[in-house]
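An overview of the molecular structure
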Amino acid sequence: MQSLDQIARWPVDNAAAVVLSRDEGVIGEYGDQQRVFPLASVTKLLCAYAVLVATEEGAVELDQSAGPEGSTVRHLLAHASGLAFDANRVQTTPGRKRIYSSAGYEVLADFLTAETSIDFADYVAESVFAPLSMDASALVGPAGHGAQASAGDLGRFTAELFRPALISPQTFADATSVQFPGLDGILPGYGSQRPNDWGLGFEIRSAKSPHWTGTGNSPQTFGHFGQSGTFLWVDPAAGLACVALTDRDFGDWAKPVWTELSDGILAERERR
C-alpha cells in the first residue's frame, strides 16, 4: 500500500507495520516484519484475550469477583474496577468511573494465576501465542505493559480478531462492545473523554475526540495504543486493520502522523 510509504518520514529509527483486510488478509507491509518491539499497553490486548480464553475454558468467569470489593473480572478488563492507574489502590467504587489502570491488569494476572495454578505469562503463551503461531511474542514483564512482539505476529493476532477461533462469537462481541456504558474518564495522552468507552480489553473509538486513530475510522473501531510508540486498530465497518510498531516512545510526534497514516489507509482502500 502506498499510504505506508509515509512511515519513512516518521522521526523514528525503526518501524514496522502491517495492514489487513477482513476478506483478503495481509494487503500491505512496511519494515522488518520479524523485528521484535516492546508493545507497552498494546500488551493489554494480548493479556485480555488470554483471560477471555480462560472464560471459554471455564477457568474463570467474567462476573466472578476479582480485585477490589465489588469488582469483577469484567470490571478489571474494562478499566471500571476503581483501581488507580499504576498502583493497587482503590480510587472509587467499581462501575463509577473509567480509570485506566495498568495495575488492574496486574491484579487480573495474579487472579488468573491463583485460579489456574499456571503462571500468567505461560498462560498467555499457551492460550494465545502458540495457537496463533506468534513465535516472536512473549510476556516478559507486567500484564499491563510488558509484552514484546513483531509486526508479523501482531498481524496474525489481528487476523484472529477478524475471524475469532480461540473464543466464541458471543465472547468476542462482548469484548469489542462497550462495557459499563456512560463512564467518563481520561484517555492517556488525549485527555478527558465523555464517555470514555471501553470493551473487555479493547478500547472502543466511539465519538472520542481527539483520538489516536484516523478521523475516518468508524465509531466501532477497536484496539489499543502503547506508550512505546505502538498501535493496533480494527475497523469492522471498513473491514480493515492496521498495526504499527516503532522504537520511539509515544509523544506529540505521533499524534498527527498516526492519524494521517490511518486516514491514508482508509482513503486508499476507498479509492479501489
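Below is a short write-up of the structure.

Cut-offs applied
Residues numbered from 1 in each chain as written. Predicted model: local features only at pLDDT ≥ 70, side-chain atom pairs only at ≥ 80, totals over all residues. Heavy atoms only, no water. Salt bridge = Lys/Arg side-chain N within 4 Å of Asp/Glu carboxyl O. Helix = DSSP H or I, 4+ residues; strand = E, 2+ residues; numbered from the N terminus. Buried < 20%, exposed > 50% of the residue type's maximum accessible area, 1.4 Å probe, protein only. Contact = heavy atoms within 4.5 Å. Pairing = 2+ DSSP bridges. Core = buried A, V, L, I, M, F, W, Y, C linked by side-chain atoms within 4.5 Å. Axes fitted to C-alpha atoms, helices over the stretch in contact; angles between N-to-C directions.

1. Overview of the pattern of salt bridges
- Throughout the structure, instances matching the rule amount to seven salt bridges.
- With a closest N to O distance of 2.5 Å, E24 and R269 form a salt bridge. Here R269 lies in helix α7 (residues 254-270) and E24 lies in the loop between β1 (15-21) and β2 (25-30), a separation of 245 residues in the sequence.
- For R156, the salt bridge is made with D153, and the minimal N-O distance between the two is 2.6 Å. Here D153 and R156 lie together in helix α5 (residues 151-162), a separation of three residues that amounts to about one turn.

2. Thoughts on the side chain of Q33
- Among the secondary structure elements, Q33 is positioned in the loop between β2 and β3 (36-38).
- A relative accessible area of 10% means that Q33 is categorised as buried.
- Contacts of Q33, omitting those with residues within four sequence positions, involve A16, A17, V18, S150, A151 and G152.

3. Focus: the pairing of strand β5 (residues 147-150)
- As paired strands, β3 and β5 are joined by three bridges and run antiparallel to one another. Its bridge partner being in β5, V36 is matched across the sheet by S150.
- Where strand β4 (residues 138-139) meets β5, two bridges bridge the pair, whose relative direction is antiparallel. When the bridges of β5 are listed, L139 appears paired with A147.

4. Remarks on the nonpolar core
- Counting residues in each nonpolar core, the largest one holds 57 residues, and the members touching the most others are Y49, L77, F120, L154, F157 and L161.
- No other element matches helix α1 (residues 43-57), which puts 10 residues into this core.

5. Notes on the sheet that holds strand β11 (residues 240-246)
- Within the open sheet, the six strands sit side by side as β2-β1-β11-β10-β9-β8. Their pairing is antiparallel. Because the sheet does not close on itself, it has two edges, and the strands there are β2 and β8 (203-204).
- Sheet topology note: the β1/β2 ladder contains five bridges and is antiparallel. Across the sheet, the residue bridging to S21 is G25, located in β2.
- Along the sheet, α7 makes contact with β1, β2, β9 (222-226), β10 (230-235) and β11, crossing β10 at roughly 30 degrees.

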